[in-house]
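Notes for the structure review
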Number of protein chains: 6
Amino acid sequence: MTVEAIAEGISSMSIRGAARIAEAAAGALVQEAKNYKGDNALEFEEHMRKCARKLLQTRPTAVSLKNGIRATLKPIFGPMGGEWTVEDLRKAIIEAGEAFLENAKRALESIAEYGSKRIKQGSVVMTHCNSNAALSVIEKAFEKGKIERVFATESRPWRQGHLTVRRLALKKIPVTLIVDSAVRHFINEMDAVVVGADTIASNGAVINKVGTSQIALCANEARVPVLVAAETFKFSPGTLEGELVEIEERDLGEVVDPKEFPGVDIANPVFDATPPDYVDVIITERGIISPHAAYQFAAEFGTDLP
Amino acid sequence: MTVEAIAEGISSMSIRGAARIAEAAAGALVQEAKNYKGDNALEFEEHMRKCARKLLQTRPTAVSLKNGIRATLKPIFGPMGGEWTVEDLRKAIIEAGEAFLENAKRALESIAEYGSKRIKQGSVVMTHCNSNAALSVIEKAFEKGKIERVFATESRPWRQGHLTVRRLALKKIPVTLIVDSAVRHFINEMDAVVVGADTIASNGAVINKVGTSQIALCANEARVPVLVAAETFKFSPGTLEGELVEIEERDLGEVVDPKEFPGVDIANPVFDATPPDYVDVIITERGIISPHAAYQFAAEFGTDLP
Amino acid sequence: MTVEAIAEGISSMSIRGAARIAEAAAGALVQEAKNYKGDNALEFEEHMRKCARKLLQTRPTAVSLKNGIRATLKPIFGPMGGEWTVEDLRKAIIEAGEAFLENAKRALESIAEYGSKRIKQGSVVMTHCNSNAALSVIEKAFEKGKIERVFATESRPWRQGHLTVRRLALKKIPVTLIVDSAVRHFINEMDAVVVGADTIASNGAVINKVGTSQIALCANEARVPVLVAAETFKFSPGTLEGELVEIEERDLGEVVDPKEFPGVDIANPVFDATPPDYVDVIITERGIISPHAAYQFAAEFGTDLP
Amino acid sequence: MTVEAIAEGISSMSIRGAARIAEAAAGALVQEAKNYKGDNALEFEEHMRKCARKLLQTRPTAVSLKNGIRATLKPIFGPMGGEWTVEDLRKAIIEAGEAFLENAKRALESIAEYGSKRIKQGSVVMTHCNSNAALSVIEKAFEKGKIERVFATESRPWRQGHLTVRRLALKKIPVTLIVDSAVRHFINEMDAVVVGADTIASNGAVINKVGTSQIALCANEARVPVLVAAETFKFSPGTLEGELVEIEERDLGEVVDPKEFPGVDIANPVFDATPPDYVDVIITERGIISPHAAYQFAAEFGTDLP
Amino acid sequence: MTVEAIAEGISSMSIRGAARIAEAAAGALVQEAKNYKGDNALEFEEHMRKCARKLLQTRPTAVSLKNGIRATLKPIFGPMGGEWTVEDLRKAIIEAGEAFLENAKRALESIAEYGSKRIKQGSVVMTHCNSNAALSVIEKAFEKGKIERVFATESRPWRQGHLTVRRLALKKIPVTLIVDSAVRHFINEMDAVVVGADTIASNGAVINKVGTSQIALCANEARVPVLVAAETFKFSPGTLEGELVEIEERDLGEVVDPKEFPGVDIANPVFDATPPDYVDVIITERGIISPHAAYQFAAEFGTDLP
Amino acid sequence: MTVEAIAEGISSMSIRGAARIAEAAAGALVQEAKNYKGDNALEFEEHMRKCARKLLQTRPTAVSLKNGIRATLKPIFGPMGGEWTVEDLRKAIIEAGEAFLENAKRALESIAEYGSKRIKQGSVVMTHCNSNAALSVIEKAFEKGKIERVFATESRPWRQGHLTVRRLALKKIPVTLIVDSAVRHFINEMDAVVVGADTIASNGAVINKVGTSQIALCANEARVPVLVAAETFKFSPGTLEGELVEIEERDLGEVVDPKEFPGVDIANPVFDATPPDYVDVIITERGIISPHAAYQFAAEFGTDLP
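Within chain A, the secondary structure is distributed over ten helices and eleven strands. Against the compact-globule benchmark of 19 Å for 306 residues, chain A has a radius of gyration of 20 Å, which places it among compact chains. A principal-axis box enclosing the C-alpha atoms of chain A has dimensions of 65 × 50 × 40 Å. Expressed as a percentage of its 306 residues, the buried residues of chain A come to 63%. Long-range pairs, those at least 24 residues apart, make up 76% of the contacts in chain A with a sequence separation of at least 6. Only carbon and sulfur atoms are counted for the fraction: they give 50% of the accessible area of chain A, which is about 11,100 Å². Averaged over its 36 positive side-chain charges, chain A has a centre that lies 6 Å from the centre of its 42 negative ones.

The structure is reproduced here in structure tokens:
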């Protein structure tokens, strides 16, 4: 698909989820590089930067998107002189982008494998929202015969919990749907909480679907371990330089129809921040770490962008 | 209304709320006593006991219902011989029942008055579900010019939060509706949490709408005081003798239509238990106490029933 | 048995356990009153006081012993003039002592009944040492089909855990013996901790077999409720006036033979103090209370002794 | 001294301290009653009410002052008809006032005695500000040979810590003065914290000299017990009905000379509120209680005033 | 000694302790390499792998054993072609193994030196079980005149505490033996807890002798620092990839003779896991770190094995 | 200025503050290198070492001083043979020293920039003492329109808070001065705490002006984030090898005039240690990290000194 189309898809939320938008953007840039017709390296570079900007504007606060673009366009952000030809650059970009995509795919497999080992035999686990990384861990652990049941929260306002329970039920994994308010009531019966992440800050804070932080708090109160499954491209280099992860506020109509509630304000934050102290481990494709060790992974991607 | 009709109303949930069902039952028993035609005191007594049993069966775990019936029929549970006439008994029951109803009404006013004093000037407060006692406190504090804004949770699955925000908006109280998952995200901006109670156990645990305990946990983490507004008839004498407050499990269809989710289990607990350590004060019509002092109030109502 | 013999038995530890020594002392005093031959009321009173002192000296820090003696000799500690005859006094003492003994017996039954209601269906519970009150609760809950398994600590140095596991195994209750160090390793699998008490202080602190406080701490960390089963005569009136509950230090040979460990000191405290914040409820024969409500029960027994 | 003079003394802070102002007011009312010349009982009553109002206005938020006045004028707040003569009333007021004064004196002795028993042999204790009740406990414990050293905070802005260290040094008690910021640095070396109280709320919160709550927090973090020494007349009946204890804001010049700091605001709260969870025991003349049991003592004094 | 003999010794527990088994295995492999007679490099490699497997099977979950073998056989796990001769390989293995042994020895000295600096003058410290690394720290601190007394737990079921107290008493270090249940009773008198580690996971969790985690919990509650002394070869690379550290369950007869307890189950876990939040520092030969920084050390050893 | 003069200035405290003394020392060494007249490289090296020692002796426990000297004299601490000429060395030292000074200046700017991004719109923040790094963050955030008000503690005994409030008032930043005891009273109104650091230990503990740790504790209790602003040269390499950061005890006369307080001891610690768990982030010029990641920064500077 073209950059145009992908940008449109991300904007309209038909493409969503931290990993999926990163991968879509990387794919679009690779495609763009392949299709580019000109023969002036500087013009090509400028064109790619423009594409990058267009993609970035669709979700300017999405760290994974930034990291996917950074990884793909690394050849033109480094100290390259004008001696490069269009072909050189094209090849470099295609390689970098495909490496990113391949790594992302393998990352998910490694996370599933590593994370599943952390689940104990006979576990009942809770998950929130609809994270591909988290569900991969759970499904792999189920394949190994370790999961007895999954509790999934509804995850208002979008109710992505419905997607989650359907996916798990299809795989014959015993699953119980609960409302978001019932988390603390059931948490003592859990052996682990497994969630994904939208962004991980350099001090280890985990930004994820709103509600994650109170589940982690409840789990922590009850000594239930909290496992966060996240590819390394979810670590935010910007937070190293102080950027606060902006909590997106989405359409109020997702909560109720404002017209039916005259005089009532509505707040609809999409994410919240879970402090590192409530997270036992972050499961990445490079290994399982304490959230307090996030610094190293965040530092790896550069922070400059076109 | 007749005992019959009231029992029907409670069963079908058209009459609901811990205080309202207690008052409806007391009123029905008073009416029944007024209308009784016979002249045999023992038969009258037996008749009233039967009415009590019928009312009790509508919500067998509702402490306030039990306490309202106990209070009204106290004359026939005490050590009364057969020397009493129907008239004596009738008068005693009417008096006891009306006293209960009058007290309940005044209790609400006292709670509103006492509780409103605990709210500081310029407060932003959070509430959960749709508690008459809690909202009375908030409204009285607003009248006194102390409330800046109220955050109200949606309170899934029934969304009683919708009732709450409408009631507050009608009274021109600035109010913001949030989903249940967003509590921890906003809790640091709150000056107090004000909730009601369904039942208070003899060790001070507060049984209330599911979700209350995780709000209290979040508030406690952020040093935001938690105020529970509850009439003394919400204190459970049975818990003194070890009764666990049963957490009612309600119709699964309130969460989702089970038919649309084949292979998915649903759990729908109505209440949860908040440990006394997360509650700063209980506001009763007899004064403001530490939840750890609940024992005395629970001990006051007898535990025997017809 | 005579006061002499009972005093001997308590001293030599052949009679031990907070409840048992109280009952033995009360019984001995009743017997003594029955057998007294003289006819001078003042002499009789003096004689009984002497017996009380002798009994008290056997375990001067045992609160239940004090309370048992107080309860039995209440007639002579109150404002009685010399107008009483020996017969009057004898009758009063026998009545008071028998009431204490009868109450103690019924207390155990009530505690078992009340406490068993607090245990949830399918529970795995942990107990420590060998408390009659705690085991009564567990056994009653097992009879009701609620207990799946009991974990019992060894309870070094005396290993009273051996008595506990044998008693439970005889009743066909599934039981697992663990060393004291393994408590935190298993605590997450528990649904409740049930222990007894030697003494309860006026601020709600629970003095019990050494190790109880770290079990309670572990349980508290994991949100596992801690239930303390204790007759009201275990509440210490002296702590109201500031008495610290003395932690008895027992024979070092119970830990190791000191001769085999030259140059090594040994410490052997018998009890430790669990702060009220780590105790969910105290189960007494008068009802289930927050430990913070201990004041009332402690205040009930007078603090003066002969 | 006359009511006039005492009111003056309290206003000007030459008489201060929660206990001292209560006693001065009670003494002044007794004196006033003695000196009253008229013979109309209603006029006398009205006169005494006027005196009470004058005294109350000097420190309208001081609970001990209110309680001292209430205790002394109890005869005219009760249900007395006009049949009383001036002599009857005078006698009743003098008796009530003298009883209050006598009780206050004995209360201090009991608190010293009870509290000193709670101090372990060889203790190092910390105190804050300059509380008569707290220092009585410490001095009595020192007399018994239990105190090794006292750490006293400076207690800015007034530096009442200077009074404390001088008083203790005079009694040859080893004492170390530290700045208020050094509390946490030293708290691990302490065996107890002993402080007084200005007011105790019905839910057990302790209002005392600003800084008390952070000392209690530090002590709690380090498992050092916090003992609050307070006569029962420091318990606030008004808090039962929701009154928030108002935190007096005093003269900014006590912090710095505002003229030397143009553009700088200054805040000077006199008290702060320590939550009951950070207080181990309250030592009163009626016994040692959990702060959560404060309700009973607060309920004892009526809440109506002239 | 031969690989055979060492494997036997580890199996039978005559060689035990995380460091000792690693060193024994490294020594055996060095010896084996020295003695090898053949001249085919590939056969030699295969032979060494076989030895490694034999050694590994003796304690398949022991991380230090794996790391010792990995370190010694690094030459054959790396990317070596067939161009190497037996002599080349032999030399490389001997060098690698001797380096490991030399490092292990020096590691202990560094740990003792670094750790002893963390002990404050006049300290009373607690230790658990019988860790060479922990005792080295304590003894070095004692040499420097900083230790006043050591409290050592019995460490049931094996009572390795007996070895500890004897070793310390021989060195004239004042030492007190306590039962495992008495830890919380004494913890407030401690200035530090010093323990060893069997394994350290990549998120900083410390696996050590059962009981360690509840000592750390008690210390944490009382703000007593917990120091873990551990060579870097105790860090588990496998945990990076999700391996849960398996908690070995040992012979039940170590707890009681099962035959004497018919109908009684016994559980005998050897280790437990202390969460990183309860550990102040890990003292390694490469410096003192937060447990949350464990990732780096765990990553250093490769995870592949023959 | 000469080494002599700078050493004098540091000793007499006319030059103070962790950053300022490091910079003064580096500057003096650069100057010294520039002025050196001889032509024997070994003598030159020896001379510079002597200068370093003189500077170090002025504040032997100041980590930043050590690190500044280390950074400047790096050329002579590395493995340099005698082949170097005086000119070579001079040039290397000047370069190293100027790089350190330039870095220090730029570090402050980066910290201000990074830290200011962490402050939310409309924030009220608290600071303690008079840290250049912390104030730079606050002032930059104010420039960006994010700060509503600053609360500054007095910071007894030196009252550096006076410097802070004057500096902020000059920049028209609304500022409120409070006594050190009032921190917990106001902490709930804060959106962040921003402080500097004197030294950061390898496990993440922050050594700073006495009182910092109790502010951090209060903030932590109220879920208010604690930001520590510190250049990387404040990280202590010595703590890696176990050095305890010595808490300087300063002149008692800073607290009170000891002569006016006969029989009273005074303690005057300058710093205290804040555990890493109470610090949300450390803002360095290299990025924002969890305190638990301190190890890496501490390891960067060598630990050997002339």
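Here the narrative resumes, following the displayed structure.
At no point do chain B and chain E touch; the closest pair of C-alpha atoms across them sits 17 Å apart. Between chain C and chain F there is no contact, and the shortest C-alpha to C-alpha separation is 17 Å.

With an RMSD of 0.1 Å, chain E superimposes on chain C once it is rotated by 180° and translated 0.1 Å along the axis. Those values place the two copies in the arrangement expected of a two-fold rotation axis. Among all C-alpha atoms of chain E, that of Asp180 of chain E lies closest to the rotation axis, at 3.2 Å. When the interface residues of chain E are mapped onto chain C, 100% of them are again interface residues, pointing to one common binding face.

The next point concerns the packing of helix α2 (residues 18-35) of chain E against helix α3 (residues 41-58) of chain E. Residues and elements named next belong to chain E. Contact geometry for α2 and α3: axes closest at 11 Å, N-to-C directions at 155°. Here α3 runs roughly antiparallel to α2, going by the angle between their axes. As α2 runs across α3, the sense of the crossing is right-handed. Touching Ala25, Leu29, Glu32 and Ala33 of α2 are Phe44, His47, Met48, Cys51, Ala52 and Leu55, all from α3. When grouped by side-chain class, the residues that make up the contact of α2 with α3 number eight nonpolar, one polar and one charged.

We now examine the interface of chain E and chain C. At the interface, 46 residues of chain E touch 46 residues of chain C. For the pair chain E and chain C, the summed buried surface comes to about 3,700 Å²; carbon and sulfur atoms form 59% of the total. When the area that chain E buries against chain C is broken down by residue, the three leading residues are Ser181, Arg184 and Gln214 of chain E, summing to 17%. Arg156 of chain C serves as the salt-bridge partner of Glu154 of chain E, at 2.2 Å between the closest nitrogen and oxygen. Where chain E packs against chain C, one counts 26 residue pairs in polar contact (both at pLDDT 80 or more). Of all the secondary structure elements, the ones that give two or more residues to the side of chain E that touches chain C are α8 (160-170), β3 (175-178), α9 (183-187), α10 (212-221), β8 (264-266) and β9 (271-274) of chain E. In terms of residue count, the dominant contributor to the side of chain E that touches chain C is α10 of chain E (five residues). Where strand β8 (residues 264-266) of chain C meets β3 of chain E, three bridges bridge the pair, whose relative direction is parallel. Bridging from a neighbouring strand, Val264 of chain C pairs with Val175 of chain E of β3 of chain E.

Conventions used here
- Residues numbered from 1 in each chain as written.
- Chains lettered and ligands numbered in written order.
- Predicted model: local features only at pLDDT ≥ 70, side-chain atom pairs only at ≥ 80, totals over all residues.
- Heavy atoms only, no water.
- Helix = DSSP H or I, 4+ residues; strand = E, 2+ residues; numbered from the N terminus.
- Rg over C-alpha atoms; globule rule 2.2 N^0.38 Å.
- Buried < 20%, exposed > 50% of the residue type's maximum accessible area, 1.4 Å probe, protein only.
- Contact = heavy atoms within 4.5 Å.
- Areas by Shrake-Rupley, 256 points an atom, 1.4 Å probe, with all protein chains shown as cover.
- Lys, Arg positive; Asp, Glu negative; His and termini not counted.
- Charge placed at Lys NZ, Arg CZ, Asp CG, Glu CD.
- Least-squares fit on C-alpha atoms with pLDDT ≥ 70 in both.
- Axes fitted to C-alpha atoms, helices over the stretch in contact; angles between N-to-C directions.
- Parallel < 35°, antiparallel > 145°, perpendicular 65-115°, else oblique.
- Left-handed = near helix turned anticlockwise from the far one by under 90°.
- Nonpolar A, V, L, I, M, F, W, Y, C, P; charged D, E, K, R; others polar.
- Buried area = accessible area lost by both parts, 1.4 Å probe.
- Salt bridge = Lys/Arg side-chain N within 4 Å of Asp/Glu carboxyl O.
- Polar contact = N/O pair within 3.5 Å; in protein donor to acceptor, adjacent residues only side chain to side chain.
- Pairing = 2+ DSSP bridges.

Honestly, it's all geometry; don't read function into it.
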